[in-house]
Amino acid sequence: MKVLMKRLLIGRLFRNIFFYLFLCVISFFILSPFLWGVLTSLKPKEEIFHVPPLLPSHITLENYFQVFSVGGFTSYFKNSIIVVSIATIITVGCACLAAYSFSRYKFRGRGTLFVTILITQLLPMASILIPLFLFWNTLGMLNTYLVLIITYVGFTSPLAIWLLKSYFDAIPIELEESAIIDGCSSIGAFLRIVIPLSAPGIGAVTIYVFIAAWQEFLFALTFISDSSLRTLPIGLNVFIQQHGIDWGGLMAGATISTMPVMIFFVILRRTFIGGITRGAIKG
Amino acid sequence: MKQGKRALPYFWLLPSYTIIFILIVFPVLYNMYISTYDWSLIKQTKTFIGLSNYLYFLKNPQLWESLIITIKWVGADVGLSFFVGLGLALILNKKFYGREFFTALMFIPWMIPGVVTALLWRWMFQTDIGMINIILKELHITSSKIDWLSEFPLFCVVVGDAWRTFPFWTVMTLAGLKSIPSEEIEAAQLDGANKIDIFRHITLPHLKPILVTAGILVTIWTTNYFDMIYVMTRGGPINRTRTISLLIYQIGFNYYRFGQAAALAFIDSIIMIAAILLYLSFLRKD
């Protein structure tokens, strides 16, 4: 009897070990492109084309220094941060208002306007690229921060409104009603009750908007030709043409472009993953 | 539900909707207008030609080739990412220590900016020292170096994008799997069903609504996805990866033929909407 128990437990142990090993191998394969890119960025330039050996003889930041000093990445990074942060704040702020309206008020055209949101998600970006380009060109607004900010607010707002509405719907309206009875204003109830209670949802939407705008490529490519205003994605794209294919520098640039998103993600991952699933299922 | 002052709800909507209107509604209408003109930056002319641009494309093999490439691109990408995502979701569904950590890890491909993903995979598929060729050589599967990006460009972009897309399927499927009532599974097990039966008759039917929604979203996102292909292959070589979005961009911003590009963009939108309606009606049949 004891021997049988021992065999079962050992069998279980082996299966567990095997499972974790399997999981680690899969994770490694899935992450390998990214890991390899980061590794390449830390290699001295001479060693990049001498593979095998896979690992660098010493870790160097020369690629990063190069990319920031000569490669123009300081300005790319600055431009991206400015444009995306401002756009995110505006989008989430306005979307909260709009979502609140859909969630709490009944008014004519409510259904139609909300459906418009879904329709905007169906549209290919290419179909608004050309008219927008010509429009901004006429107004002389190409090559400005403003044009990108407005564009990013425009294309992330629909989904932000949709997701926020479902978070607001989950908060019982009785809470605001009792606050209003106690003398609070409508806006006060919104700011002091709804917002704090839906904070995780708002957090998730903020991250989503930031990530979407941070990596946006097509509009940044088309609307900005001034090299001092380029955002990171375009900077990366241009880097290939400018410096032949300096893979070390390119991978350094790529890693830099990914850092803010990674940091966001590591800090707020629970909020993000939970938020996206909840919002999507409810919606 | 509040019945406040009549104008108030509209007021709350104003900021967001003003921008959405400028950014989306107005351009769509303006695009239709532009498409009826022969408007080229090079010729510096703008003449009304009605629907000629549309006729030009319907007769033009460029459009049809692009459509076929787009269909292959979407089909392969959605398919590959679906299977990988679903498989991983099934693995991650069982409770185990460190499950949250691994789930979060799976998210990383989705987090990475599209441009970066394109570059990473371009590096992986690189002929001389790309990881793929190195691994194949070490495992003695091939002796010569394969020039992936020149000979199999569509394969490269599909793999790169599927890598980026599968986490979405995983998350969606996991959420769906969690909502399956465990009593049903237990009852089936008591009745003697094995794992495959349970999967086919309980899991899949429950997952279907979520998978359909996810499928529609992924298809929409992938069909017009520009970044990956542009950065990896620019639509080449010899236009072998030139999907519709690439074609529109090229006609508009490499050849500066705005009228034509606008017409193509409109055709693209119509095809998208038609495809989605078709997809939905197809699935309503069960």
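Residues numbered from 1 in each chain as written. Chains lettered and ligands numbered in written order. Predicted model: local features only at pLDDT ≥ 70, side-chain atom pairs only at ≥ 80, totals over all residues. Heavy atoms only, no water.

(A) Structural detail: the overall build of chain A. Within chain A, the secondary structure is distributed over 13 helices and zero strands. For chain A, the α and β elements follow one another from N to C terminus as α-α-α-α-α-α-α-α-α-α-α-α-α. A compact globule built from 283 residues should have a C-alpha radius of gyration of about 19 Å, whereas chain A, at 25 Å, is more than 25% larger. Referenced to the eigenvectors of the C-alpha coordinate spread, the extents of chain A come out at roughly 80 × 70 × 35 Å. Across the 283 residues in chain A, those meeting the buried criterion constitute 53%. For chain A, long-range pairs separated by at least 24 residues make up 70% of all intrachain contacts whose partners lie at least 6 apart in sequence. Accessible area of chain A: about 12,900 Å², with a carbon and sulfur share of 72%. The average position of the 19 basic charges and that of the 11 acidic charges among the side chains of chain A differ by 15 Å. (Helix = DSSP H or I, 4+ residues; strand = E, 2+ residues; numbered from the N terminus. Rg over C-alpha atoms; globule rule 2.2 N^0.38 Å. Buried < 20%, exposed > 50% of the residue type's maximum accessible area, 1.4 Å probe, protein only. Contact = heavy atoms within 4.5 Å. Areas by Shrake-Rupley, 256 points an atom, 1.4 Å probe, with all protein chains shown as cover. Lys, Arg positive; Asp, Glu negative; His and termini not counted. Charge placed at Lys NZ, Arg CZ, Asp CG, Glu CD.)

(B) Region of interest: the overall build of chain B. Tallying secondary structure elements over chain B gives 13 helices and two strands in all. Its C-alpha radius of gyration of 24 Å places chain B more than 25% over the 19 Å reference for a compact globule of 286 residues. Projected onto its principal axes, the C-alpha coordinates of chain B cover approximately 75 × 75 × 35 Å. Per-residue burial for chain B yields a buried fraction of 53% across its 286 residues. If you sum the accessible surface of chain B, you get close to 13,900 Å²; carbon and sulfur atoms cover 67% of it. Taking the average place of the 24 positive charges on the side chains of chain B and the average place of its 17 negative ones, the gap between the two points comes to 9 Å.

(C) Expanded view of the side chain of N60 of chain B. Residues and elements named next belong to chain B. Along the polypeptide, N60 turns up in the loop between α2 (52-59) and α3 (61-92). Look at N60 and you get buried, because its relative accessible area is 8%. Of the polar contacts made by the side chain of N60, one reaches the side chain of Y56; its length is 3.0 Å. (Polar contact = N/O pair within 3.5 Å; in protein donor to acceptor, adjacent residues only side chain to side chain.)

(D) Structural context of the nonpolar core. Membership of the largest hydrophobic core comes to 179 residues, with the highest contact counts inside it found for W136, I161 and F223 of chain A together with W73 and M232 of chain B. Apart from the residues lying within four places of it in its own chain, the contact partners of F223 of chain A are L129, L132, F133, W136, L142, N143, V147, L148 and T151 of chain A. (Core = buried A, V, L, I, M, F, W, Y, C linked by side-chain atoms within 4.5 Å.)

(E) Layout of a positive patch on the surface. A cluster of basic residues, R12 and R15 of chain A together with K94 and K195 of chain B, forms a positive patch at the surface. Structurally, R12 of chain A is set in helix α1 (residues 2-41). What makes R12 of chain A exposed here is its relative accessible area of 55%. (Patch = residues over 30% accessible without salt bridge, like charges linked within 9 Å, V, L, I, M, F, W, Y side chains within 5 Å. Salt bridge = Lys/Arg side-chain N within 4 Å of Asp/Glu carboxyl O.)

(F) Region of the structure containing the interface of chain A and chain B. Each side of the interface is counted separately: chain A has 94 residues, and chain B has 80 residues. Between chain A and chain B, roughly 8,200 Å² of surface is buried when both sides are summed, and carbon and sulfur atoms account for 80% of that area. Our enumeration of links across chain A and chain B arrives at zero salt bridges. Put simply, chain A and chain B have 10 residue pairs in polar contact (both at pLDDT 80 or more) between them. Tallying contributions element by element places helix α13 (residues 247-282) of chain A first for the side of chain A that touches chain B, with 16 residues. Split by residue class, the side of chain A that touches chain B holds 67 nonpolar, 20 polar and seven charged. (Buried area = accessible area lost by both parts, 1.4 Å probe. Nonpolar A, V, L, I, M, F, W, Y, C, P; charged D, E, K, R; others polar.)

(G) How the structure looks around the side chain of D161 of chain B. Tracing the backbone shows D161 of chain B in helix α8 (residues 153-178). Excluding residues within four positions of it along the chain, D161 of chain B makes contact with W73, D77, T222, Y225 and M228 of chain B.

(H) Representation of the packing of aromatic side chains within the structure. All names here are of chain A. In this structure the tally under the stated criterion is 53 aromatic pairs over all chains. Residues F19 and Y20 carry aromatic rings whose centres are separated by 5.9 Å and whose planes lie at 70° to one another, so their mutual orientation is edge-to-face. A relative accessible area of 23% means that F19 is categorised as partly exposed. We classify Y20 as partly exposed; its relative accessible area is 26%. Here Y100 and F168 contribute two aromatic rings whose centre-to-centre distance is 6.3 Å and whose plane-to-plane angle is 80°, an arrangement assigned as edge-to-face. (Phe/Tyr/Trp six-rings, centres within 6.5 Å; stacked < 30°, edge-to-face > 60°.)

(I) Seen up close, the environment of V25 of chain A. Looking at the secondary structure, you find V25 of chain A in helix α1. It is 21 Å that separates the C-alpha atoms of V25 of chain A and T40 of chain A, two residues lying 15 residues apart in sequence.

(J) How the structure looks around the environment of L221 of chain A. In this structure, L221 of chain A sits in helix α11 (residues 218-223). Taking C-alpha positions, L221 of chain A is 35 Å from P56 of chain A, a pair spaced 165 residues apart along the chain. Setting aside residues no more than four positions away along its own chain, L221 of chain A makes contact with I234 and N237 of chain A together with F226, Y230 and Y249 of chain B.

(K) Region of interest: the environment of W121 of chain B. When you line up the elements, W121 of chain B lands in helix α5 (residues 114-124). Each C-alpha atom of the pair W121 of chain B and V157 of chain B lies 8.2 Å from the other, and the pair is 36 residues apart in sequence. Residues in contact with W121 of chain B, not counting those within four places in the same chain, are P33 of chain A together with I132, V159, G160, W163 and M232 of chain B.

(L) Just the pairing of strand β1 (residues 37-40) of chain B, in detail. Where β1 of chain B lies against strand β2 (residues 45-48) of chain B, four bridges are found, and the strand directions are antiparallel. Paired with S40 of chain B across the bridge in β2 of chain B is T45 of chain B. (Pairing = 2+ DSSP bridges.)

(M) Geometry of α2 of chain B. All names here are of chain B. Within α2, burial applies to N53, Y54 and F57. Within α2, the buried residues cover an arc of 100° as seen down the axis, which keeps them to one side. Relative to its buried face, α2 has exposed residues pointing more than 90 degrees away, namely L55 and K59. (Arc of directions from axis to C-beta.)

(N) A look at the pattern of salt bridges. Residues and elements named next belong to chain A. Summed over all chains, the structure comprises four salt bridges over all chains. R104 is the partner of E176 in a salt bridge, and the nearest nitrogen-oxygen pair spans 2.7 Å. Placement of the pair is E176 in helix α8 (residues 173-181) and R104 in helix α4 (residues 73-104), with a sequence separation of 72 residues. Salt-bridge contacts for D169 lead to K165; the nearest nitrogen and oxygen are separated by 2.9 Å. One end of the pair, D169, and the other, K165, are both in helix α7 (residues 145-169), four residues apart, so they sit about a helical turn from each other. A residue is classified by how much of its surface remains accessible, and D169, at 38% relative accessible area, is partly exposed. The class for K165 is buried, based on a relative accessible area of 16%.

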